[in-house]
Amino acid sequence: MARAVKADYLVVGAGASGMAFTDALTDHADVRVAVVDRRFGVGGHWLDDYPFVRLHQASAFYGVASTLLGGGRVQDHGPETGLQERATEPEICAYFARVADRLLETGKVDLFPNCEYLGERQFVSCVSGERFEVGPGCRVVDARYLAPDIPATTPAPFEVADGARVLPVNDLARLTDAPSQYVIVGSGKTATDACVWLLARGVDSGAIVWVRPRDPWMFNRAVVQPDPAVFIGMVADVMAAAETATSPEDLFLRLEDAGIMLRIDPSVTPTMAKTPTLATWELDKLRTIEHVVRLGHVRRVEPGRVVLDRGEVTTARDALVVHCAASGLKYSPLVPIWAPAAITLQPIRTGFPCFGAALAGYVEATREDDAEKNRLCPPTPYSNTLTEWAWMNVLGARAAASFNSAPDVKAWANGVTLNPARIPPRYDRPAALDDALGRLHAHAAGGIAKLEQLGGMPAAA
């Protein structure tokens, strides 16, 4: 017999999205929520991530709406002086633990860690084997639809021969014997983190081989900051660049000229546009790595040899191959967030999943009609290619126009730090913000129209 759990909502997944939704929902509605996760606590993939990881964005953009992650401090020393702080992995895990404690204290939330969701509103403890079920009136919230894969919990996507040394990036920090060569496999943020970490630990750049199947475009972190003048100014510059761009490639080159986008190798035009943020000091370090392999994806690793799609490369016999190639972003089809079977959490404002989940929680708490909720909060995808980046930004702009059309939603969104474009209430607007808003107004219509064209999508009705 399954034990009955009283709940109005069953949130499946206690990662950042699940926690952000639960926090906003319970802050604005008198409901009971059961949160289920297969991990031992809250925080999702952060509980398994590599120990030297940091948020790639400012801490203020991450977490839940009710509780600021970090102190909202501007760094006053180090290579990112003048930029807002970015939380480390231990800080993020401790933050989510505190959020969970607060939610439990409200009496509205029950947490079920180490439990696997079985479907049909049932779940089972992976520790005791006890089964649980919630009633048919309970609404299921899928917070795992776009859950990332990480190297620590995802096998390397290539064959490993006997004698070859292959480790996930997590194990770099636990090395006890240094190899003569490191082979970093991956093109995204995890790979850049691994390279920067090795260089900071004194590894010579000549001892690093970087296998990049595709070169990435990355946002300049300096223009993605929790300052309305900075962030809205960046959006205005994107629209101005888009307005005159002749192709997706031309758009990104214009964004590079505007100081918005960065690429590691100026001689190579990137084809990947997942666009995490990168600081210029990190870029300088990454550019010291000259042995870059662009022969596609790794197929097999052997002692002294790496076989790829379009060839092979000779490595040191003791080379350590570092697996950074898990799919951190998922590209599942967009579905309505509100559907009869489940509420499926997805980003709403482009690139800010915690804000989207919190926004969905607020709208769920304050609206009755699912059609109206879906009108206010259409989902936005993640991008992979340059064309998809243009498409993503169009959908994100349309979504922002939708949720900002409701005065109470707009007021709520302007009151939470998770929203990168917020203009806080009673904000003393500097001249720089007025200038940014003026430029955005001048270029938004033309920029969106061109982004629609570059993204190969029909114009909005």
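Quick caveat, the model's predicted, so the values are computed rather than measured. The numbering scheme is per chain: residues are counted from 1 as the chain's sequence reads. At least 70 in pLDDT is required for a residue's local features to be given in this predicted model, at least 80 for side-chain atom pairs to be given and counted, and no such filter applies to totals for whole chains, interfaces and linings, which use all residues. As a rule here, side-chain values cover all heavy atoms of the structure and leave hydrogens and water aside.

## Structural notes on the environment of L253
Then, number 1: Secondary structure is summarised from DSSP: a helix means a run of H or I of at least four residues, a strand means a run of E of at least two, and numbering begins at the N terminus for each. Among the structural elements, L253 can be located in helix α5 (residues 248–257).
Then, number 2: Apart from the residues within four sequence positions on either side, L253 is in contact with W217 and R263. The contact criterion used is simple: two residues touch if any of their non-hydrogen atoms lie within 4.5 Å.

## A closer look at the nonpolar core
Then, number 1: F96, L172, I184, L251 and W389 are the most contacted members of the largest nonpolar core, which has 113 residues in total.
Then, number 2: Among the elements that line this core, the one with the most residues is helix α9 (residues 386–403), at nine residues.
Then, number 3: Sequence-distant contacts of I184, defined by excluding residues within four places in its chain, comprise A191, A194, C195, L198, I208, V209, W210, V211, V322 and C324.
Then, number 4: We call a set of buried residues a nonpolar core when its members are Ala, Val, Leu, Ile, Met, Phe, Trp, Tyr or Cys and they connect through side-chain atoms within 4.5 Å of each other. Throughout this description, buried means an accessible area under 20% of the type-specific maximum (1.4 Å probe, protein chains only), exposed means over 50%, and partly exposed covers the range between. Counting residues in hydrophobic clusters, the runner-up holds 15 residues, among them A7, F123, V134 and A342.

## A short note on the sheet that holds strand β4 (residues 109–112)
Then, number 1: Between any two strands, at least two bridges found by DSSP are needed for them to pair. Pairing in this open sheet of five strands is parallel, and the strands run β4-β3-β2-β8-β21 from one edge to the other. Looking at the sheet topology across the chains shown, the edges are occupied by β4 and β21 (343–344).
Then, number 2: Summarising the sheet, strand β8 (residues 139–142) and β21 pair through two bridges and their orientation is parallel. Along β21, the bridge assignment pairs V141 with I343.

## A word on the pairing of strand β7 (residues 131–134)
For a regular strand, the rule is simple: side chains alternate between the two faces of the sheet.
Then, number 1: Where burial is concerned, the two faces of β7 differ: the one with F132 and V134 is buried and the one with R131 and E133 is not.
Then, number 2: Relative to β7, strand β1 (residues 3–5) runs parallel, the two sharing three bridges. Paired with V5 across the two strands is V134, which belongs to β7.
Then, number 3: By the bridge criterion, three bridges tie strand β6 (residues 122–125) to β7 in an arrangement that is antiparallel. By the bridge assignment for β7, V124 is matched with R131.
Then, number 4: Connecting β6 to the antiparallel partner β7 that follows it, the hairpin turn spans five residues, and G129 within it adopts a positive phi of roughly 85 degrees.

## So, the packing of helix α7 (residues 353–366) against helix α10 (residues 407–414)
Packed helix pairs are specified by the crossing angle of their axes together with the interaxial distance, meaning the distance between the axes.
Then, number 1: Helix axes are fitted to C-alpha atoms over the stretch in contact, other axes to C-alpha atoms as well, and angles between N-to-C directions run from 0 to 180 degrees. Two elements in contact, α7 and α10, have axes whose closest approach is 11 Å; the angle formed by their N-to-C orientations is 140 degrees. The angle between α7 and α10 places the two elements in the oblique class. The handedness of the crossing between α7 and α10 is right-handed. Facing α7, whose interface residues are F355, A358, L359, Y362, V363 and T366, α10 presents D408, V409, W412 and A413.
Then, number 2: Gly falls in the polar group here, along with every residue not listed as nonpolar (Ala, Val, Leu, Ile, Met, Phe, Trp, Tyr, Cys, Pro) or charged (Asp, Glu, Lys, Arg). Here the contact of α7 with α10 is built from residues that sort into eight nonpolar, one polar and one charged. Any angle from 65 to 115 degrees is called roughly perpendicular, while one under 35 is roughly parallel, one over 145 is roughly antiparallel, and all others are oblique. The hand of a helix crossing depends on one turn: near helix anticlockwise from the far one by less than a right angle means left-handed, and clockwise means right-handed.

## Quick word on unusual backbone geometry
Then, number 1: Positive phi, normally seen in glycine, also occurs at N114, with a value near 55 degrees.
Then, number 2: As for its position among the elements, N114 is in the loop between β4 and β5 (115–119).

## Here we look at the pairing of strand β20 (residues 320–323)
Then, number 1: Of the two faces of β20, the one holding L320 and V322 and the one holding V321 and H323 are both buried throughout.
Then, number 2: As paired elements, strand β11 (residues 182–185) and β20 share four bridges and run parallel to each other. In the sheet register, V185 faces β20, and the bridge partner there is H323.

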